[in-house]
2 protein chains.
Amino acid sequence: MTTELLLQTNFYQYYSGKTGLTIADFEKLASYFDFREIDHNQLIMRAGEVCKHILFVEKGLLQLFSLDEKGGEHIMQFAPENWLLMDRSSMYFNEPSTYYIKALEPSTVVFIQPAFLEEAGKINYDFTCFTETALQRNIHFLQRRINSLLAMSAKERYLEFVAMYPQLLLRVPQWMIASYLGITPESLSRVRREIAKDSF
Amino acid sequence: MTTELLLQTNFYQYYSGKTGLTIADFEKLASYFDFREIDHNQLIMRAGEVCKHILFVEKGLLQLFSLDEKGGEHIMQFAPENWLLMDRSSMYFNEPSTYYIKALEPSTVVFIQPAFLEEAGKINYDFTCFTETALQRNIHFLQRRINSLLAMSAKERYLEFVAMYPQLLLRVPQWMIASYLGITPESLSRVRREIAKDSF
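Residues numbered from 1 in each chain as written. Chains lettered and ligands numbered in written order. Predicted model: local features only at pLDDT ≥ 70, side-chain atom pairs only at ≥ 80, totals over all residues. Heavy atoms only, no water.

Caption draft 1: Quick look at the relation of the copies chain B and chain A. The operation relating chain B to chain A is a screw motion whose rotation component is 180°, with 0.0 Å of axial translation and a residual RMSD of 0.0 Å. The relationship between the two copies is best expressed as a two-fold rotation axis. (Least-squares fit on C-alpha atoms with pLDDT ≥ 70 in both.)

Shown next as C-alpha cells:
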C-alpha cells in the first residue's frame, strides 16, 4: 500500500489520532499488519481455533458470537468501522477460542499481529498507554454488559444499545439485536412499539 | 503486624506463592496494605464512590453488587478467601463506581493501595507478569459470564457456579445465588430438584 493510500485509511487515522504514531512509524511496522477483503458471511475465526490477530474494521461489519448445542447463535459483540475485535483471552493464553468471528457485510479488515502493539509501544510511549487504557475500557464494557443482562429491563438494554451502536439499527437484522441483548425477538418488537408510541 | 504473623496470612502465601515476592519485600511494602476487620453486612464501598483499594479477602466473604431503581440487588461477583475484589474500571478511570461492596460474613480484608502493585513490580518482575495475567484472566472470566448469561440454561449456569465456587453453596442464601445467575429463585429450586433426582 502506498503512503498516500495508507494516510487515507481509518486504520491510520484511528491510531495516529489516539497515539501520535506517525506515517513513518506505520511504514516501519508494515510487516505487522495486513489489509484483507472479507466476503459477506465469511468466517474469519472458528471456535476451536486460537485467535492470532487483532482485527480492525476498516470498512464493513464483523460479529463475535458463540453457538450453543442446538445451533443457537449468541452475539458477544458487533464491530462496525473503527472498532477492534478479537478474543483477547484466547490470544493471551494461546487457548482455543469458544467464539466465531464472521463478516455481516462485505468488509475490509486490518489483520494486526500482536507484535505490532509491542513494537509500536517501543517507538511511541503514548501507544503503550493507549493499549493499557483500551484493556481497561474493555473490562468496563464487559462489566456494564453483565450488569445490563442482570439488572436492566428489555427497554433499558435496547436504549443502551441504540446509544452505543446508533449506526447498526439499519444494518443488522432485528433477531441479531435481540440475541445481543439476551431477549426474545418478540420482546424486542414490543419494546420498539413502546418507544415509537412514547415519541408521539 | 509481626513477621511471624504475616508469614501465616493467606495474603502473604497467595502473593509469595504466585510471584516469589519474599517476606522482606512484604515488609518493605507494608505501608501500602492494611488488614481490617469488617462486620457482617458492613458496606466497604457505596455506588457513587471511587474505588480506591484492591481488596484481598483474608477470611470471610464479600460481594460486589448493583441496586436497580426498585432496590433489586444484582450480584456481579462473590469473593471468598483468597479472592481479590475491586471495581477495576472505577479505580483506573478514577470515576464513581456503580457498584456496592459488602461483607456477607464477618471478614478480615486486606486493603491494598494500587501503588503496592507498582512498587512490587519494581522489586520483582514476576509480579508484573502476574498482575498482567490477572487482568487477562479477569477479561476471560467476564466474557464467560456474559456467554453464560446469553447462551446457557439455568441448569448449566448453576453447574458452572458450583464448579467455580464449591465452598459458597452453604454460605450464601439461595436467592443470592439466583441473583448471581440471573435466574429466578423458583428456577433455581427447580434446577436443584432436577440435579438431586439425577444423582439417584
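Caption draft 2: Structural detail: the sheet that holds strand E4 (residues 62–67) of chain A. All names here are of chain A. Strand order across the open sheet formed by four strands is E2-E7-E4-E5, with antiparallel pairing between neighbours. Sheet topology places strand E2 (43–45) and strand E5 (73–79) at the edges, where each strand pairs with a single neighbour. The sheet shows a mean angle of 30° between the axes of neighbouring strands, direction not considered. Bridge analysis of E4 against strand E7 (residues 100–103) gives four bridges, and the strand direction is antiparallel. Paired with Leu-62 across the strands is Ala-103, a residue of E7. (Pairing = 2+ DSSP bridges. Helix = DSSP H or I, 4+ residues; strand = E, 2+ residues; numbered from the N terminus. Axes fitted to C-alpha atoms, helices over the stretch in contact; angles between N-to-C directions.)

Caption draft 3: Just the UniProt feature "domain: Cyclic nucleotide-binding" (unreviewed entry) in chain A, in detail. Under the feature "domain: Cyclic nucleotide-binding" (unreviewed entry), the UniProt entry names residues 36–119 of chain A. Across residues 36–119 of chain A, the secondary structure splits into 14% helix and 44% strand, with the terminal C-alpha atoms separated by 22 Å. (UniProt positions renumbered as here; feature names shortened; annotations may be inferred.)

Caption draft 4: Layout of the packing of helix H7 (residues 154–164) of chain A against helix H9 (residues 185–198) of chain A. All names here are of chain A. Their axes nearest at 10 Å, the elements H7 and H9 cross at an angle of 75°. Taken together, the axis directions place H7 and H9 in an arrangement best described as roughly perpendicular. In this structure, H7 contributes Ala-154, Lys-155, Tyr-158 and Leu-159 to the contact, and H9 contributes Leu-188, Val-191, Arg-192, Glu-194, Ile-195 and Asp-198. When its residues are assigned to classes, the contact of H7 with H9 shows six nonpolar, no polar and four charged. (Parallel < 35°, antiparallel > 145°, perpendicular 65-115°, else oblique. Contact = heavy atoms within 4.5 Å. Nonpolar A, V, L, I, M, F, W, Y, C, P; charged D, E, K, R; others polar.)

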